[in-house]
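What follows is the residue order along each chain.
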Amino acid sequence: TNLGIANYLDGKLEVALSYHKRALAMKEMFGQKWGIANSHLSIGIILFARGDLDSAMEMYEKSRNIWEGMGDRKTLISSINNIGEVWLAKGEPELAMKAYSQSLSIAEQINAKPGISSALCGLALACIQTGDMEGAMGYAAKGLDIASEAKNTAIEGKCKCVLGIIHSKLNDFAKAEK
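Procedures and definitions
Residues numbered from 1 in each chain as written. Predicted model: local features only at pLDDT ≥ 70, side-chain atom pairs only at ≥ 80, totals over all residues. Heavy atoms only, no water. Helix = DSSP H or I, 4+ residues; strand = E, 2+ residues; numbered from the N terminus. Rg over C-alpha atoms; globule rule 2.2 N^0.38 Å. Buried < 20%, exposed > 50% of the residue type's maximum accessible area, 1.4 Å probe, protein only. Contact = heavy atoms within 4.5 Å. Areas by Shrake-Rupley, 256 points an atom, 1.4 Å probe, with all protein chains shown as cover. Lys, Arg positive; Asp, Glu negative; His and termini not counted. Charge placed at Lys NZ, Arg CZ, Asp CG, Glu CD. Core = buried A, V, L, I, M, F, W, Y, C linked by side-chain atoms within 4.5 Å.

Chemist: Help me get a handle on the overall build of the chain, residues and values and all.
Modeler: In terms of helices and strands, the chain carries 10 helices and 0 strands. The helix and strand sequence of the chain, counted from the amino end, reads α-α-α-α-α-α-α-α-α-α. Taken against the 2.2 N^0.38 rule, which gives 16 Å for 178 residues, the C-alpha radius of gyration of the chain at 17 Å falls within 12% of a compact globule. When each of the 178 residues of the chain is scored for burial, the buried share is 45%. Across the chain, contacts joining residues at least 24 apart in sequence account for 50% of those joining residues at least 6 apart. Accessible surface, the chain as shown: approximately 9100 Å² in total, 54% of it carbon and sulfur. Distance from the positive charge centre (20 side chains) to the negative charge centre (20 side chains) of the chain: 5 Å.

Chemist: Just give me the short version of the environment of T153, but keep the residues and values in it.
Modeler: Structurally, the position occupied by T153 is in helix α9 (residues 153–169). Overall, T153 belongs to the exposed group, its relative accessible area being 64%. In this structure, the C-alpha to C-alpha distance between T153 and V15, residues 138 residues apart in sequence, is 29 Å.

Chemist: Lay out the nonpolar core with the relevant residues and their values.
Modeler: A general trend in soluble globular proteins is that nonpolar side chains are found buried together. By size, the foremost hydrophobic cluster in this structure holds 35 residues, and its most contacted members are I43, L47, Y60, V86, L104, I116 and L120. If sequence neighbours within four positions are ignored, L104 has contacts with I116, A119, L120 and L123. C121, A124, L144 and I155 belong to the second largest nonpolar core, which has 14 residues in total.

Any link to function would need more than the numbers given here.
The following block contains the structure:
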């Protein structure tokens, strides 16, 4: 798994995919449910990066089903948010909103701040696709506040980028630059 991640980060998607598939086979051999779900998620991320949206969705659904069966709601949030990303990439903002709303609900139930802020950011992106800039602004601002409060700089950066997109679409380039 670590070699898969390292190669993914290095842009070597096919090598990364190979490592993650081998890791999946080993985890399946030993019946490690959490590891199997995590491998499906990792494979899905690589497939998404390659543009293979249907296969990525299949992997995300597999990880989702395993984590649901295990009752691991914290990790389940990642799979559902990634499902939302696939719907966005397919130009299906209503389906993305459904996924992000489900993720947000779970994250709020367990007070998982990174999951909350990530889902809010995803909802903002879905609103952008539907043309609802007011809704997008609200979700992105709330996501940024929660990410900042949790000191999660990765999601904070994503929310700032989304806010920049919104301001650009509203032709408010001075705010977009911030």
